[in-house]
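This is what each chain is made of:
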Amino acid sequence: QVHLVESGGGLVQAGGSLRLSCAASGSFFSLSVMGWYRQAPGKQRELVATITAGSTINYADSVKGRVTISRDNAKNTVYLQMNSLKPEDTAVYLCNAVAKLYYTSRTSSNYWGQGTQVTVSS
C-alpha cells in the first residue's frame, strides 16, 4: 500500500553531482524509515543511507562525505544528494521505506521502489 517512485538518476561525469528523489504515495499512517540502497552489476545490493522520521541518519562508509540524505515529511519524500561521484557509484539506486499502514497496526512493512539508474562516466 506504499508506492515509491524514484527520480533524478542519469549520466554524469566523474566528480559531478546528482540529486535523487523518492516520493511515497498510497495509504499509510507513517514512514518510520526511508533510505537508499544501490545495486551494481555483479554486486550485492548495499545500503547507501537511511533516515528516520526524526531525522536520525546513517551512511555507508563508502559514501560518507560525498552523500547527504534528507527528507521532507510533509511531502513524504526522501532525497539523496550525491557529490564527487565516482565510476564505482554506478548502480541502480533503490528507494526503501518502512511504513506503518494504520495507527492501530502492530507491525510495520517494508517497501521498495523500482529504482533509478545512476551512471558515472570516467
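Residues numbered from 1 in each chain as written. Predicted model: local features only at pLDDT ≥ 70, side-chain atom pairs only at ≥ 80, totals over all residues. Heavy atoms only, no water.

J.: A description of the pairing of strand β9 (residues 91–100) should follow, citing residues and the corresponding values.
T.: Extensive coverage of β9 is indicated by the burial of seven of its 10 residues. Bridging between strand β4 (residues 30–39) and β9 involves nine bridges; their strand directions are antiparallel. Along β9, the bridge assignment pairs R38 with Y93. In this sheet, strand β10 (residues 109–112) lies alongside β9 in antiparallel orientation, the contact comprising four bridges. Bridging across to β10, A99 finds its partner in S109. (Buried < 20%, exposed > 50% of the residue type's maximum accessible area, 1.4 Å probe, protein only. Helix = DSSP H or I, 4+ residues; strand = E, 2+ residues; numbered from the N terminus. Pairing = 2+ DSSP bridges.)

J.: An account of unusual backbone geometry is requested, with residue identities and associated values reported.
T.: The phi torsion at N76 lies on the positive side, around 50°, for a residue other than glycine. Tracing the chain through its elements places N76 in the loop between β7 (67–72) and β8 (77–82). The backbone phi angle of S84 is positive, close to 50°, even though this residue is not glycine. In this fold, S84 is placed in the loop between β8 and β9.

J.: Talk me through the sheet that holds β7; I want residue IDs and the actual numbers.
T.: One open sheet holds the four strands; their spatial order is β1-β3-β8-β7, and the pairing between them is antiparallel. The outermost strands of the open sheet, each flanked by one partner alone, are β1 (2–7) and β7. Between one strand axis and the next, the sheet turns by 15° as a mean value, whatever way the strands run. Two strands pair when backbone bridges link them, and β1 and strand β3 (residues 18–26) are joined in this way by six bridges, in the antiparallel orientation. Considered in β3, the bridge of H3 is made with S25. (Axes fitted to C-alpha atoms, helices over the stretch in contact; angles between N-to-C directions.)

J.: Go over the pairing of strand β5 (residues 46–52), please, and point to the residues and values.
T.: With six bridges connecting them, β4 and β5 associate as antiparallel partners. In the sheet register, G35 faces β5, and the bridge partner there is T50. In this antiparallel pair of consecutive strands, β4 and β5, the connection spans six residues, and G42 shows a positive phi of 75°. Here β5 runs beside strand β6 (residues 57–59); their pairing, made up of three bridges, is antiparallel. Following the sheet pairing, A49 is matched in β6 by Y59.

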